[in-house]
Amino acid sequence: YNIPEDKIITVYQGCHPNFKSTPNEALIEEVRKTYNLPKRYIACVGTVEERKNLLLVAKAMAHLPEDVYLIAVGRKTPYAKEVEDFCNQNGLRERVRIIEGVPFKYLPSIYHAAELFTYTSRFEGFGIPIVEAISSGLTGVATTGSCLEEAGGEGVVYVNPDSVEECASALNKLLSDKEYKHSLIAKGKEHIKKFLPDTIAKEIMKVYKEI
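Predicted model only: the values in this text are computed from it and were never measured.

A. Main features of the pattern of salt bridges. Evaluation of the coordinates by the stated rule reveals ten salt bridges. Its salt-bridge partner being Glu-84, residue Lys-76 comes within 2.8 Å of it at the nearest N-O pair. On the basis of relative accessible area, Lys-76 is assigned to the partly exposed category, the value being 32%. For Glu-190, the salt bridge identified is with Lys-193, shortest N-O distance 3.1 Å. The class of Lys-193 is partly exposed, set by a relative accessible area of 43%. Each of Glu-49, Arg-51, Lys-52 and Glu-124 takes part in salt bridges that share partners, so that together they form one network.

Shown next, in the form of structure tokens:
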């Protein structure tokens, strides 16, 4: 739009406070039973459409331990059939599940009960599910080439959106190396301080005062 860069100030957005507080165990157990969640799973939240690139993670699942599942939460589009067809043809039907219509009150519990998260979109406006996941105490895998590094900072591993090998390798390292995983979780918690309501309010007020 030919607007001078020095006239543009970035103030980040945050996510709902429910993701920051740990759901009580009774609620987590209720969610586990409602959706028959496995003991170990990777969470992915977002509409199941082509640009979200869920097929990348589905393909990576073939290279992960057999007791690890992928739970994708989001509305299905025709692209979901492509993901499901791949899983059916490659012995992953039981390990990759897409859940629709999850009420908001259950969403934080799905994050909190997960081992990791993935968000492998080719492009996004920002990537709020990354902030939600980090707020829930998770780390995981996202992709390069868009804005996701801004959302996740150093608290997330970034891979090529076309590389199944990179995605599988990153997930396997996070699943097997607890020290590495917890170091990323700590970095993520530090990074998302810029998305706290007080920080956002101060940044907006700073803009008003400068103007």
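There is more to say after this.
B. Region of interest: empty space enclosed by the protein. The tally for this structure, following the rule as stated, stands at two cavities of 30 Å³ or more. Estimated volume of the largest cavity: approximately 90 Å³. As for the largest cavity, its lining consists of 13 residues, of which Cys-44, Gly-46, Thr-47, Lys-52 and Leu-54 are closest to the centre. If you list the elements that add at least two residues to the lining of the largest cavity, you get β1 (41–45) and β2 (69–73). Of the residues belonging to the lining of the largest cavity, the class tally is seven nonpolar, four polar and two charged. Of the volumes computed, that of the second largest cavity is approximately 30 Å³.

C. Just the sheet that holds strand β4 (residues 116–119), in detail. Spatially, six strands are ordered β3-β2-β1-β4-β5-β6 in an open sheet, and the strand pairing comes out parallel. In this open sheet, the two edge strands, each paired with only one partner strand, are β3 (96–99) and β6 (157–159). Ignoring strand direction, the axes of neighbouring strands in this sheet form an average angle of 25°. Summarising the sheet, β4 and strand β5 (residues 140–143) pair through three bridges and their orientation is parallel. Bridge pairing in β5 links Thr-118 to Val-141. In the packing of helix α2 (residues 54–61) onto the sheet, the strands contacted are β1, β2, β3, β4 and β5, and the crossing angle to β2 comes to about 165°. Its contacts with the sheet place helix α5 (residues 128–135) against β1, β4 and β5, and it is angled at close to 170° to β4.

Rules behind the numbers
Residues numbered from 1 in each chain as written. Predicted model: local features only at pLDDT ≥ 70, side-chain atom pairs only at ≥ 80, totals over all residues. Heavy atoms only, no water. Salt bridge = Lys/Arg side-chain N within 4 Å of Asp/Glu carboxyl O. Buried < 20%, exposed > 50% of the residue type's maximum accessible area, 1.4 Å probe, protein only. 1 Å grid on protein atoms, 1.4 Å probe; cavity = no way out; pocket = protein on both sides within 12 Å on 5 of 7 lines; lining within 4 Å. Points joined across faces, edges and corners; volume = space filled by probe spheres on them. Helix = DSSP H or I, 4+ residues; strand = E, 2+ residues; numbered from the N terminus. Nonpolar A, V, L, I, M, F, W, Y, C, P; charged D, E, K, R; others polar. Pairing = 2+ DSSP bridges. Axes fitted to C-alpha atoms, helices over the stretch in contact; angles between N-to-C directions. Contact = heavy atoms within 4.5 Å.

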